[in-house]
Amino acid sequence: MAAPKTTIWDLEPHSRAKHEILRRYMQAWMAILGQAGYPELIYIDGFAGPGRYSKGEDGSPVIAFKVALEHQARIKSKITFLFVEERKDRADVLEEVLDEIDRPSRFVVNLDKGATFEQAVGSFLDNYDARGWRPHPIFAFIDPFGWTGVPFELVKRILSLPSSEALVTFMYEEINRFISHPQQEENFNAFFGTAEWRGGVGLADPTQRNRYFHDLYMRQLRQAAGVPYVRSFQMRNDKDVTDYYLFYATQSLLGLKKMKESMWTVDPSGEFRFSDATDPRQLVLFGREPDFSILRQQITNRFRGKETPVEAVEEFVLAGTAFRETHYKRQVLTPMEKDGQIVVHRSPGQRRFTYPPGTVIRFL
């Protein structure tokens, strides 16, 4: 996917799907955190673009802004938007688009024209630290066309703040194309936050090479950035080739729940498809008819021979699998109970094949 050279360009199917994921997730993020008592919410769009596509479709900054407007009656918090666009022509168009939208005074827009993601967000966080603000929830949408200008240390800095999370586009196609270029070594050191990427350069097998760079970035988010919940989503085009990965990193199990909900409810077309790529052994395609046999096997492997509350099963499904919390009861536990693979300890009067909180399950 080549970076566009024009001020405004056509909206491609994969971007439309990605924006729908963003829209759905931001609806949940705004609704939940806007009523949680935080004095301020912060939304960062690190590569904002012009905010409009060639046929008038909304870009990511306008999508986030409109979601906030839809929820403004329920949001008591101040919302600060930081939109970063290095190209002045695109930033000028974005400014015009945003100026056309009426907004309440508590919605504060900072449009950083001509600055890089690293400059603008670094300066913003420096000011954040200098003012001694109490931690405010931050959602960062980091959607570059390539890999330069997205240093891992800055991503790590964002995620180190309490209640902060990020959705990062990992442009595998471009990364793979230039990973061997000698003039890009420092850029890749900065992007991965380590020189370990060099270990994947010599891998001749395309699948192994793909997983090496994917797994390295995931490991950096989990270990170097210390984020407990990280999942990756793979976008494949109609030729069944990986275009990019979306990495979602959060400290909140509820945030992970809502992101999964957003992913599963985006309808795939023949032009693209999303799958959960976190576990290379269990690639799960998002669609209307998921393969629940995969989830059943994962639950069986995790809890075989154990007695556990249903809450632990749900947390495992959320944090340890590609599936949603709505997938495991009727589609997995009920068939397992009918097949005699689990014994369910229920309270008196509790209906069969129901698994409310407090239910204890023994896996045979």
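Residues numbered from 1 in each chain as written. Predicted model: local features only at pLDDT ≥ 70, side-chain atom pairs only at ≥ 80, totals over all residues. Heavy atoms only, no water.

Trainee: Got a sec to walk through the nonpolar core? Specific residues and values, please.
Mentor: Among the nonpolar cores identified, the biggest contains 65 residues, and Phe 139 and Ile 299 are the most heavily contacted of them. Sort the elements by how many residues they give to this core and helix α1 (residues 13–33) lands first, with eight residues. With sequence-adjacent residues up to four places away left out, Ile 299 is seen in contact with Val 313, Phe 316, Val 317, Tyr 328, Val 332 and Phe 363. Core analysis: the second largest hydrophobic core is formed by 44 residues, Leu 125, Phe 213, Met 218 and Ala 277 among them. (Core = buried A, V, L, I, M, F, W, Y, C linked by side-chain atoms within 4.5 Å. Buried < 20%, exposed > 50% of the residue type's maximum accessible area, 1.4 Å probe, protein only. Helix = DSSP H or I, 4+ residues; strand = E, 2+ residues; numbered from the N terminus. Contact = heavy atoms within 4.5 Å.)

Trainee: Can you break down the side chain of Thr 169 residue by residue, with the values?
Mentor: By the element assignment, Thr 169 lies in strand β5 (residues 164–170). By relative accessible area, which is 0% here, Thr 169 ends up buried. Separated by 2.6 Å, the side chains of Thr 169 and Asp 143 make a polar contact. Aside from chain neighbours lying at most four places away, what touches Thr 169 is Lys 18, Ile 142, Asp 143, Pro 144, Tyr 244, Tyr 245 and Leu 246. (Polar contact = N/O pair within 3.5 Å; in protein donor to acceptor, adjacent residues only side chain to side chain.)

Trainee: Please set out helix α13 (residues 329–338) residue by residue, giving values where relevant.
Mentor: Listing the buried residues of α13 in full gives Val 332, Leu 333, Thr 334, Met 336 and Glu 337. Those residues of α13 that are buried lie in contact with α11 (292–303), α12 (310–320), β11 (342–345) and β12 (360–363). After α13 finishes, the residue Gly 340 shows a positive phi value of roughly 75°.

Trainee: Before we move on, could you go through unusual backbone geometry and cite the residues and values that matter?
Mentor: Here the phi dihedral of Ser 163 falls at roughly 65°; this positive angle occurs in a residue that is not glycine. Residue position: Ser 163 is located in the loop between α5 (152–159) and β5. In the Ramachandran plot, Phe 353 falls in the positive-phi region, its phi being about 65° despite a non-glycine side chain. Judged by relative accessible area, Phe 353 falls into the partly exposed class, the value being 26%.

Trainee: Account for the pairing of β5, naming residues and giving values.
Mentor: Counting buried positions along β5 gives seven out of seven residues, so the element sits mostly inside the fold. Here β5 shows a buried face lined by Ser 164, Ala 166, Val 168 and Phe 170 and a second buried face lined by Glu 165, Leu 167 and Thr 169. Crossover handedness for the path strand β4 (residues 138–142) to α5 to β5: right-handed. Pairing of β5 with strand β7 (residues 242–250), which is carried by five bridges, proceeds in the antiparallel orientation. (Right-handed = clockwise from strand over helix to strand, strands pointing away. Pairing = 2+ DSSP bridges.)

Trainee: Give a description of the packing of α1 against helix α10 (residues 253–264) that names residues and reports values.
Mentor: Packing of α1 against α10 brings their axes to within 8 Å, and their N-to-C directions diverge by 145°. As α1 packs across α10, the resulting crossing turns out to be right-handed. Each of Ile 21, Arg 24, Tyr 25, Ala 28 and Ile 32 in α1 lies in contact with α10, whose residues at this interface are Leu 254, Gly 255, Lys 258, Met 259, Ser 262 and Met 263. Counted by class, the contact of α1 with α10 contains seven nonpolar, two polar and two charged residues. (Axes fitted to C-alpha atoms, helices over the stretch in contact; angles between N-to-C directions. Left-handed = near helix turned anticlockwise from the far one by under 90°. Nonpolar A, V, L, I, M, F, W, Y, C, P; charged D, E, K, R; others polar.)

Trainee: Which residues make up the sheet that holds β12, and what values do they have?
Mentor: Ordered in space as β10-β12-β11, the three strands form an open sheet in which the pairing is antiparallel. Each edge of the open sheet is held by one strand with a lone partner, namely β10 (307–309) and β11. This sheet shows a mean twist of 25° between the axes of neighbouring strands, independent of strand direction. The pairing of β11 with β12 spans four bridges and is classified as antiparallel. Counterpart to Val 343 in the pairing with β12 is Arg 362. Across the sheet, α12 lies against β10 and β12, angled at about 80° from β10, the strand it touches most.

Trainee: Tell me about the packing of aromatic side chains, and name the residues and values.
Mentor: One pass over the structure, following the stated rule, counts 35 aromatic pairs. Seen from their ring centres, Tyr 172 and Tyr 245 are 6.5 Å apart, and the 75° between their planes marks the pair as edge-to-face. With Tyr 172 in helix α6 (residues 172–178) and Tyr 245 in strand β7, the pair connects residues that are 73 residues apart, well separated along the chain. For the pair Tyr 172 and Tyr 245, a shared accessibility class is recorded, and that class is buried. Ring centres 6.2 Å apart and planes at 35° place the aromatic pair Phe 292 and Phe 323 in the tilted group. Here the residue Phe 292 occupies a position in helix α11, and Phe 323 occupies one in the loop between α12 and α13, the gap between them amounting to 31 residues. Both residues of the pair, Phe 292 and Phe 323, count as buried. The ring centre of Phe 353 lies 5.4 Å from the NZ or CZ of Lys 338, which sits over that ring. (Phe/Tyr/Trp six-rings, centres within 6.5 Å; stacked < 30°, edge-to-face > 60°. Lys NZ or Arg CZ within 6 Å of the ring centre and 35° of its normal.)

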